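Residue-level structure breakdown
Listed below are the residues making up each chain.
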Amino acid sequence: MKHKLNILGALTAGIFATGLAVTATEVSAKDIVINMAGPDWGPTRFLQEKFNKTYKAKSGNNVKLVFDFIPWPNFYDRVAASLTSGEKKYQMVVSDSQWIGTFIEGGHFLKLNKYIDADPTLQAIMKDTHPAFVEAYATYPHKSKNYYGFPQFPDTKMTWFRKDLFCHAGEKAAFKAKFGGTLPCTYAEWKDTDWKTWASIGEFFRRNKGDKLGDGVAADDFYGIAYQAGKGLDFSSMQINAFIWQHGGSIWDEANEPKAQAVGVVNNAASVKGFQHYLDLLKWSPPVAKTGQMDIFVIQELIMQGKVAAIINWAGLAPPALDPKNSKHAKQIDFALTPGLRGKDGKISRWDNIGGQPFVLTTWNSDEVTMEALEIVKWWMSPEVQLDFAKNGGESGLMSVMARSDYNSIRPWNRAHVELLDWQKDVWHVPEFFEMLTQQQEEFDKAITGQKTAKQALDAIAKFQQDLLTEAGRIQ
Amino acid sequence: MSHLIIQDLHKSFGDLRALQGVDMVVEKGEFFVLLGPSAAGKTTTLRMVCGIERADQGRVVFDGEDVTGAEVRGRDMAMVFQTFALYPHMTIFDNLAYPLRQSGMAKADVVQRVNEVAEMLRLGHTLARKPGTASGGEQQRVAIGRALVRRPSLLLLDEPLTNLDAKLRFDTRAEFKRLHRELGMTIVYATPDELEALSMGQRIALLRGGRIVQTGTPDELYTKPQDTYVAGMVGSPKVNLIPAIRRGADDAPLVEMPFGAVQNGPWADALKPFPVGSELIFGFRPHDVAPATDTGGDDGDGGGTMRIAAKVHLIEPLGDVVILDLTAGETQLKMVLPEEQAIRYSVGDDVPVNLRVENSFLFARETGTAIC
Amino acid sequence: MNKPVTNVASASADLSRTPAASNNVTDNTITPAGGKSMRDFWQWMFSPERRGAMLVAPALIMLFLMNIFPLMWSFGLSFFHYKASSIRPPRFAGFYYYEKVLTDPVVWERLQTTAQIVALSVLLQMVIGFAMALMFEKKFPFRRELLMLVLTPMMLSFVAVGVFFKLFYEPTFGILSQGYAYFFGEPLTLLATKWGAIWAIVIADAWMWSPFVMLLVLAGLVSVPDYLYEAAAVDRASWWRRFKTVTFPYVRGLLLLALLFRTIETFKIFDVVYIITAGGPGTSTETIAVYVYKVAFQFFKTSQSSALSYILLFVVIVLTNLYLYFVNRRNEEI
């Protein structure tokens, strides 16, 4: 039955495509402008530049891609305002993965199944895209077979560390003497690093102004470790979820709607333990952690300014750290796997929250525009462009590209990125996500700033989600 | 002991030299008037006496104590401002009580004292009101009351009547005299109005351009002005000043005016040293001119009067008296007559008049100083 | 002789009122067909009795489109179930959202937070503004230059002020923390506690707006006649008594206006809070305005946020009326 439908879909699309091709040749070149909303940073800037330099529409139309670059802090607000106002400005949107449910249910994002079914190239792309990305970036409801997006910039978190400190013979010996373990330096050593070692690193590199540090002395108070603990957007949830998952806890599972519960799941003992573990490690972080404002940009700045030895942060923010114009330690920063929780079997669990953004199509465009937009998708997802993107600070979403022998050496974080992909999960994609996320961030922030215990915060989150999702009909 | 002594007081405001060496002595219990036109330095002098303004040079001695540099609060004086300076947001009662409350006086005493003052100044009915709703006269009385309520030994009054209408001024002049008599305090009173000065002041200091020109009793100022300025300032209608030339022999000087010559005035001896031909100014009060009767004196060479042939030029009736503007040849002069006498004359009439020479003044024309 | 009318404004009132005369005039002008009726229309529109209305019309239309209509529209929405992010059409809800908002403990908590910030900030602005006004009332060298400097914060944008202070408060790099560490040895994490964060906001807001209070108070101080001070000096009033009885009455009215105005403004505080603390730690500094923003533009609970906004509008209207009452009373006093 399903097979039949697919054939039917392919047929109609085929006929349609032929018609389009005919019209295209008859009417000759048309001017088509694709407006695309995206955050203002490297990965989208690269897309625009690469497009301007190399893109030629196969249809012969004169296709222009015009990016609306929006600063990150306003990104959601601006996109949401445009989409919900009905101005129909954008033909394509770089969307954060969590938002897609909101705008799919709002009727703004286009379901792509019929186009994929009709186009072998798109099918191949979907097949070659890493399953973690398909799940996080394309499906709604989550993990369903409804497809909406393609990876624009797939992002993961990894450890950023100071080679000059971690690979320093004197420091390594001192660490060994004090904690008995190895101060990780090589990829393999980092791969064997768990949260316990991470805590030791935090304690070990806590130096006061004037103390010896590596080959010199600390110019200012120096701290060992930091990861995101900010109240804004998702700037703590992304790290806390990793701890919760590694400890065997859960978040509300939208794939099991409407059976999945929030109370008793979100605040179960394992989740509380995971969150508590996250909170415990903050004491080795710079004092800004106490304010609940240590977001991803703050920790990026901390390592670039030489105030901390190692952080866990998105690969997407890494290029400036290697740029001597921004970073005092551009030459010394290197990348490795994130630490994880060592189980009884000695294996390390590295579950983590995926980042990055898919790009999606909007629903109000003519078929002609939609087809041209899909052509841009195909162009972007082609191996050459993907490889070039990776070389210029991006990450590929295609497994075939990542499997290339030279991929890992293109950028210093690629090896870790590829290895970590199998450990990625995502938060909810339902339209209620923003309320859930905001309330959760507030409660996490209260725990981070010491106003609540881990248990109290998770209880409050669980209750809020239970009520909200029940009212929305997602929990029965 | 003199109550207030001012010595060589100087004060400048930028380029403006407000006071250029003021000296004066005020006796205890005296009603002392500072008379002068605006910008003569009256207000500045008062402000320096009470300490609002600091002197550039000179001394202020009060009750035998040098207070030149002392704080305002350290001086046992009160001042009534030209603007009254009532506190607009307080009731009249509170305005009156203001100086007392600072001294920590008991409440009942304050009320009693305020009521006394209010009664004396007939302000009883206004006490609950704000100054803005009171009449000009009431406001002025509040200002005085506020100054009196503390019973200062010296009261400074800065043109207190300027902001009142004519009728009220007249009444208040009498009021001041009564207060002065009843309370017996020393009063220094600044005014540009010679009538106020003459009617109230026991002594008057006449100021001009930051200097005291003459100090004396009203009578002294009226009868013995030290120069043409004083003569002009004191007396109403204004003194007649006629250009004149010294003539006659060295020991029998003669003052020649356009309408005739005169000799044997009170200044006769003083004039002797002046060379013949010296330029002079001859002055006489309009009150000292009267229509000539046949029984009057001679032509001015012998006794107390000088006859002038004049013509009525203008008539200014002032109620009970009338000012007649006369012309004698090219010269104009004024005469004051009781209304019933003046009624006989009309403009254009020839009127021979007699001038009482014994009350006349003589000044050197160049310096304006009196010859006597 | 008929002169061609080339300028609408030059057409006399009489001509434009009587069609006959107007025809008479226009018949002799050389204009293409249709120009005549156009000109008649212009003449009709700009006739003296209509001119005033026509001139203010564009402003009124703009006001209606930009202010009044959206206001009414959102007022209407507060009585419907509606989410701006959803394609579902609105359904009538009656007073459901008003009831929901008024019984929501979170709203009351946010109002309480707002009240705490308003109370502290406005008080601080009053005290600092008054003190500065007393200082600037005197003449001293570089007074003008200093006055200009002091007034600058008021003219900065909220966002700039927010960013400045956020950087000042930053515990690792921030100048405040560095200074604190210099004396006390450890960094200052002002934004880590509820009251620390509230003070952080209050200081930024007071820094920005004390000059405003100063300006108003200074206007009052300057209006005190010098002779009253002199009278008070002669009456031997102490400094404090002189201030209380002479100076203060002249400033009282303006101070009250400043108080109300700043209360209304601070009640709506958003930008500075949003940037410095984003409502944190937790929700300790989330003011009602930040909360409305969150509900309206992040959660897209359009109806609920409209209802809440109208309740807040009511509060502001009450305060504004108080303000206007005192403005009028002061006008009468002067």
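Since this is a predicted model, take the numbers as computed values, not measurements.

Rules used in this analysis
- Residues numbered from 1 in each chain as written.
- Chains lettered and ligands numbered in written order.
- Predicted model: local features only at pLDDT ≥ 70, side-chain atom pairs only at ≥ 80, totals over all residues.
- Heavy atoms only, no water.
- Helix = DSSP H or I, 4+ residues; strand = E, 2+ residues; numbered from the N terminus.
- Buried < 20%, exposed > 50% of the residue type's maximum accessible area, 1.4 Å probe, protein only.
- Contact = heavy atoms within 4.5 Å.
- Axes fitted to C-alpha atoms, helices over the stretch in contact; angles between N-to-C directions.
- Parallel < 35°, antiparallel > 145°, perpendicular 65-115°, else oblique.
- Left-handed = near helix turned anticlockwise from the far one by under 90°.
- Nonpolar A, V, L, I, M, F, W, Y, C, P; charged D, E, K, R; others polar.
- Pairing = 2+ DSSP bridges.
- Domains from an automatic or database assignment.
- Buried area = accessible area lost by both parts, 1.4 Å probe.
- Salt bridge = Lys/Arg side-chain N within 4 Å of Asp/Glu carboxyl O.
- Polar contact = N/O pair within 3.5 Å; in protein donor to acceptor, adjacent residues only side chain to side chain.
- Core = buried A, V, L, I, M, F, W, Y, C linked by side-chain atoms within 4.5 Å.
- Disulfide = S-S within 2.5 Å.
- Phe/Tyr/Trp six-rings, centres within 6.5 Å; stacked < 30°, edge-to-face > 60°.

1. Quick notes on the overall build of chain B
Each helix and strand in chain B was counted, giving 10 helices and 20 strands. For chain B, the C-alpha atoms occupy an extent of roughly 75 × 45 × 35 Å along the three principal directions. The buried share among the 372 residues of chain B stands at 51%. Across chain B, every contact between residues at least 6 apart in sequence was considered, and the portion connecting residues at least 24 apart equals 66%.

2. Overview of unusual backbone geometry
For the peptide bond that leads from E257(A) to P258(A), omega is 0°, which places it in the cis range. For the bond from S236(B) to P237(B), the omega torsion is -5°, close enough to zero to count as cis. Among the structural elements, P237(B) can be located in the loop between α8 (228–233) and β11 (240–248). Positive phi values are uncommon outside glycine, yet D8(B) reaches one of about 50°. Residue position: D8(B) is located in strand β1 (residues 2–13). Residue classification places D8(B) among the partly exposed residues on the basis of a relative accessible area of 31%. Despite not being glycine, R122(B) has its phi angle at roughly 55°, a positive value. Tracing the backbone shows R122(B) in the loop between α3 (107–120) and α4 (136–148). On the basis of relative accessible area, R122(B) is assigned to the partly exposed category, the value being 46%.

3. Brief notes about the packing of helix α12 (residues 237–246) of chain A against helix α13 (residues 269–281) of chain A
All names here are of chain A. The N-to-C vectors of α12 and α13 enclose an angle of 130°; their axes lie 7 Å apart at closest approach. When the interaxial angle is binned, α12 and α13 end up oblique. The two elements α12 and α13 meet at a crossing, and its hand is right-handed. On α13, the residues touching Q239, I240, F243 and I244 of α12 are S271, G274, F275, H277, Y278 and L281. Counted by class, the contact of α12 with α13 contains six nonpolar, four polar and no charged residues.

4. Some details on the environment of M238(A)
Residues and elements named next belong to chain A. Relative to the elements of secondary structure, M238 occurs in helix α12. Taking the relative accessible area as the measure of exposure, M238 reaches 2% and is therefore buried. Separated by 153 residues in the primary sequence, M238 and K391 have C-alpha atoms spaced 26 Å apart. Among residues more than four places away in sequence, those in contact with M238 are Q98, K157, Q228, W314, D352, N353, I354 and V427.

5. Let's talk about the sheet that holds strand β8 (residues 223–227) of chain A
Residues and elements named next belong to chain A. Pairing within the open sheet is mixed, and its four strands lie in the order β8-β11-β5-β12. Of all the strands in the sheet, the pair left with one neighbour each is β8 and β12 (333–336). Put simply, the sheet's adjacent strands are angled 25° from each other on average, direction ignored. Across four bridges, strand β5 (residues 157–162) lies against β12 in antiparallel orientation. Its bridge partner being in β12, F161 is matched across the sheet by D334. Helix-sheet contacts for helix α14 (residues 296–304) involve β5, β8, β11 (308–314) and β12, and the interaxial angle to β11 is about 145°.

6. Topic: the domain arrangement of chain B
Residue and element names in this part refer to chain B. Split into domains, chain B comes out as domain 1 (2–226) and domain 2 (240–364). On a C-alpha basis, the centres of domain 1 and domain 2 stand 40 Å from each other. Taken together, the contact pairs five residues of domain 1 with four residues of domain 2. Both faces considered, domain 1 and domain 2 share a buried interface measuring about 350 Å² in area, 59% of it formed by carbon and sulfur atoms. The tally of links between domain 1 and domain 2 comes to zero salt bridges. The tally of links from domain 1 across to domain 2 stands at one residue pair in polar contact (both at pLDDT 80 or more).

7. Some details on the nonpolar core
Membership of the largest hydrophobic core comes to 156 residues, with the highest contact counts inside it found for W160(A), F166(A), F205(A), W252(A), F275(A), Y278(A) and M294(A). The residue makeup of this core includes at least three contributed by each of domain 1 (2–155 + 356–425) and domain 2 (157–353 + 430–471) of chain A. Discounting residues that sit within four places of it in the chain, F205(A) has contacts with L165(A), F166(A), E171(A), L183(A), L213(A), F222(A), Y223(A), G224(A) and A309(A). Residues V80(B), F84(B), L121(B) and F176(B) belong to the second largest nonpolar core, which totals 44 residues.

8. Some words on the pattern of salt bridges
Taken as a whole and judged by the stated rule, the model has 54 salt bridges over all chains. When the shortest N-O distance is used, the salt bridge between R45(A) and D40(A) registers 2.9 Å. Close ionic contact of R50(C) with E49(C) constitutes a salt bridge, the shortest N to O distance being 3.8 Å. Three or more residues joined by partner-sharing salt bridges are found here, namely E442(A), E109(C), R110(C), E286(C) and K294(C).

9. What to know about the domain arrangement of chain C
Frequently, the measure chosen for interface size is the accessible area that the parts lose on association. Residue and element names in this part refer to chain C. What the domain assignment lists for chain C is domain 1 (8–96) and domain 2 (99–333). With 14 residues of domain 1 at the contact, the number on the domain 2 side is 10 residues. For the pair domain 1 and domain 2, the summed buried surface comes to about 960 Å²; carbon and sulfur atoms form 54% of the total. Interface area lost by domain 1 to domain 2 is led by S78, K83 and Y96, which between them contribute 40%. Where domain 1 touches domain 2, the interface holds zero salt bridges. On inspection of domain 1 and its partner domain 2, the count reaches eight residue pairs in polar contact (both at pLDDT 80 or more). Only α4 (48–77) and β1 (80–81) provide two or more residues apiece to the side of domain 1 that touches domain 2. For the side of domain 1 that touches domain 2, the element with the most residues is α4, which contributes five residues.

10. So, the arrangement of the chains
Ranked by contact count, the leading pair among the two pairs of chains in contact consists of chains A and C. Spatially, chain A is disjoint from chain B: no contact exists, and the shortest C-alpha separation is 51 Å.

11. Remarks on the environment of Y55(A)
All names here are of chain A. Here Y55 shows up in the loop between α2 (42–54) and β2 (62–70). When its relative accessible area of 12% is taken as the criterion, Y55 is described as buried. Taking C-alpha positions, Y55 is 43 Å from I225, a pair spaced 170 residues apart along the chain. Other than its neighbours up to four places away in sequence, Y55 contacts K50, V63, E372, E375, I376 and W379.

12. Concerning the state of the cysteines
All names here are of chain A. If you walk through the whole model with that rule in mind, you get one disulfide over all chains. Residue C167 pairs covalently with C185 via a disulfide, S to S 2.0 Å. One quick way to see it: the torsion about the S-S bond of C167 and C185 is about 100°, and its sign makes the bridge right-handed. In this pair, C167 sits in the loop between α8 (163–166) and α9 (169–179) while C185 sits in the loop between α9 and α10 (187–191), placing the two residues 18 residues apart along the sequence. For C167, a relative accessible area of 32% translates into the label partly exposed.

13. Some thoughts on the interface of chain C and chain A
Taken together, the contact between chain C and chain A spans 35 residues of the former and 31 residues of the latter. At the surface where chain C touches chain A, the tally comes to three salt bridges. For E435(A), the salt bridge identified is with K301(C), shortest N-O distance 2.6 Å. One can count 10 residue pairs in polar contact (both at pLDDT 80 or more) joining chain C with chain A. Going through the elements one at a time, α13 (271–276) and α14 (288–298) of chain C are the ones with two or more residues in the side of chain C that touches chain A. In terms of residue count, the dominant contributor to the side of chain C that touches chain A is α14(C) (four residues). Residue classes in the side of chain C that touches chain A are distributed as 15 nonpolar, 11 polar and nine charged.

14. Digging into the packing of aromatic side chains
Residue and element names in this part refer to chain C. In total, this model carries 79 aromatic pairs over all chains according to the counting rule given. Between the aromatic rings of W209 and F212, the centroid separation amounts to 6.1 Å while the plane-to-plane angle is 80°, which identifies the pairing as edge-to-face. Within this pair, W209 and its partner F212 are both found in helix α10 (residues 194–222), separated by three residues, close to a single helical turn. For the pair W209 and F212, one class covers both residues: buried.

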